[in-house]
Amino acid sequence: MRIPMAALVCAGACIGGSRELEARQLRPPYFVNETLPAGPYARSEFVDLDADGRLDLVCVTQQASVRSFLGDGFGGFVPAGTENLAFGMLDFAVGDVQGDGDPDVVVLLADGRIAVLLGDGLGHLSLAATLIGVSQPQAIALGDVNADGRADLVVSILANKVLVFTASATTFYSGAPIPLSTDASPRRAVVRDVTGDGIVDIACVSPVSGNINVFHGNGSGGFGSAQLWFAGLTTERFAVDDLDADGIVDFVCPRVASILLSVLRG
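Residues numbered from 1 in each chain as written. Predicted model: local features only at pLDDT ≥ 70, side-chain atom pairs only at ≥ 80, totals over all residues. Heavy atoms only, no water.

Peer 1: Which residues make up the sheet that holds strand β9 (residues 89-95), and what are the values?
Peer 2: The four strands are arranged β9-β10-β11-β12 in an open sheet whose pairing can be described as antiparallel. The open sheet terminates on both sides in strands that have one partner only, identified here as β9 and β12 (125-131). Mean inter-strand twist for the sheet, computed between neighbouring axes without regard to direction, equals 20°. Note: strand β10 (residues 104-109) against strand β11 (residues 114-119), four bridges, orientation antiparallel. If you follow Val-107 over to β11, its bridge partner there is Ala-115. (Pairing = 2+ DSSP bridges. Helix = DSSP H or I, 4+ residues; strand = E, 2+ residues; numbered from the N terminus. Axes fitted to C-alpha atoms, helices over the stretch in contact; angles between N-to-C directions.)

And the structure:
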């Protein structure tokens, strides 16, 4: 039996340069047609693990069990492997850590350590290293900040900073990080070209201040001071994409205890 799911659309009006959207429920045209053994409280991300042009799935449970599923291109998935880590999961990210073209997975463990799982290009992930962690981590993101072909690591910490660890082909993220000061208790971060100049930047959200902190990159791993974009009292997460096809990414931020979304156009 198919189980209907709710879908959301947004309608809104411009308010003070940003856009507030009201989420409304639609009649359910969507259905659950497959259940995967991902485990309890799993978070997932789509990525092509085996370079066949089909989206695969990486799931990480709250207990830090990392599971990969290969997609068949028609909406079906087959389990490819499981790697069980010793501690619970706070966050995880997918990127090419070694620069070999194969997607890898980095997991932020509940004790603050960083687990690096390398992909073999066939859909399997295996633990390569567990690195000494940082104090009071909140979230992680991956992206190539210095254009060397390897995904670097960004860690948001409670002490009003994000830490940038540049990737090494052999020791991963064991070097000293570059600290960037934020306005207040950053959470989720993204590593993307925010300004449309072709250079990777870092953006993170602060639910305390309601600001998105944007650090403009110089292309070689350095960043300027934070520019603050006010989004309102947001949750810990936001979505980033080019909504209006102008080549510059936009931000969608859910409001706290509200049916409103804030949209910041780049």
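Peer 1: Can you lay out the pairing of β9 for me, pointing to particular residues and giving the numbers?
Peer 2: A regular strand places its side chains on the two faces of the sheet in alternate fashion. When you tally the buried positions in β9, you get six out of seven residues, the bulk of the element. By the bridge criterion, six bridges tie β9 to β10 in an arrangement that is antiparallel. Of the residues in β10, the one forming a bridge with Val-94 is Val-105. (Buried < 20%, exposed > 50% of the residue type's maximum accessible area, 1.4 Å probe, protein only.)

Peer 1: Got a sec to walk through the nonpolar core? Specific residues and values, please.
Peer 2: The biggest cluster of nonpolar side chains holds 21 residues, and the ones touching the most others in it are Val-106, Leu-153, Phe-172 and Tyr-173. Counting residues per element, the ones that place at least two in this core are β10, β11, β12, β13 (137-143), β14 (152-157) and β15 (161-165). In this structure Leu-153 touches Val-106, Ile-114, Ile-140, Ala-141, Leu-142, Leu-163, Val-164, Phe-165 and Tyr-173, once residues within four positions along its chain are discounted. Core analysis: the next-biggest nonpolar cluster, separate from the first, contains 16 residues, Leu-49, Val-94, Val-107 and Leu-117 among them. (Core = buried A, V, L, I, M, F, W, Y, C linked by side-chain atoms within 4.5 Å. Contact = heavy atoms within 4.5 Å.)

Peer 1: Run through the confidence of the model for the protein chain, naming residues and quoting values.
Peer 2: Within the protein chain, residue pLDDT values average 83, and 83% of them lie at 70 or more. Counting contacts from residues 1-32, a segment whose pLDDT is below 50, to residues more than four positions away or on other chains yields 52 contacts. (pLDDT = per-residue confidence, 0-100.)

Peer 1: Lay out the side chain of Ser-65 in plain terms, naming residues and giving numbers.
Peer 2: Checked against the element boundaries, Ser-65 lands in strand β7 (residues 65-71). Among the polar contacts made by the side chain of Ser-65, one reaches the side chain of Asn-84 at a distance of 2.8 Å. (Polar contact = N/O pair within 3.5 Å; in protein donor to acceptor, adjacent residues only side chain to side chain.)

Peer 1: Let's hear about the sheet that holds strand β16 (residues 178-181): which residues, and what values?
Peer 2: In a beta sheet, neighbouring strands are held together by backbone hydrogen bonds and run either parallel or antiparallel to one another. Strand order in the open sheet made by the four strands is β13-β14-β15-β16, with antiparallel pairing throughout. Every interior strand has two partners, whereas the edge strands, β13 and β16, have only one. With strand direction ignored, the average angle separating the axes of adjacent strands in the sheet is 20°.

Peer 1: Requested: an account of the environment of Asp-250, with residues and values cited.
Peer 2: Along the chain, Asp-250 turns up in strand β22 (residues 250-254). The spacing of Asp-250 and Ala-239 is eleven residues in sequence and 8.3 Å in space, taken between C-alpha atoms. There is a polar contact of 2.8 Å between the side chain of Asp-250 and the backbone nitrogen of Leu-243.

Peer 1: Run through the pattern of salt bridges, naming residues and quoting values.
Peer 2: Considering all chains together, one arrives at three salt bridges under this definition. A salt bridge links Arg-113 to Asp-111; its shortest N-O distance comes to 2.8 Å. Judged by its relative accessible area of 27%, Arg-113 is partly exposed. We classify Asp-111 as partly exposed; its relative accessible area is 34%. Across the pair Asp-148 and Arg-150 runs a salt bridge whose closest N-O atoms are separated by 3.4 Å. Exposure remark for Asp-148: the relative accessible area of 31% places this residue in the partly exposed category. (Salt bridge = Lys/Arg side-chain N within 4 Å of Asp/Glu carboxyl O.)

Peer 1: Give a description of unusual backbone geometry that names residues and reports values.
Peer 2: Located in the positive-phi region is Ala-147, a residue other than glycine, with phi close to 60°. In this structure, Ala-147 sits in the loop between β13 and β14. Relative accessible area serves as the criterion here: at 64%, Ala-147 is assigned to the exposed category. Here the phi dihedral of Ala-245 falls at roughly 55°; this positive angle occurs in a residue that is not glycine. Mapping Ala-245 onto the fold places it in the loop between β21 (239-241) and β22.

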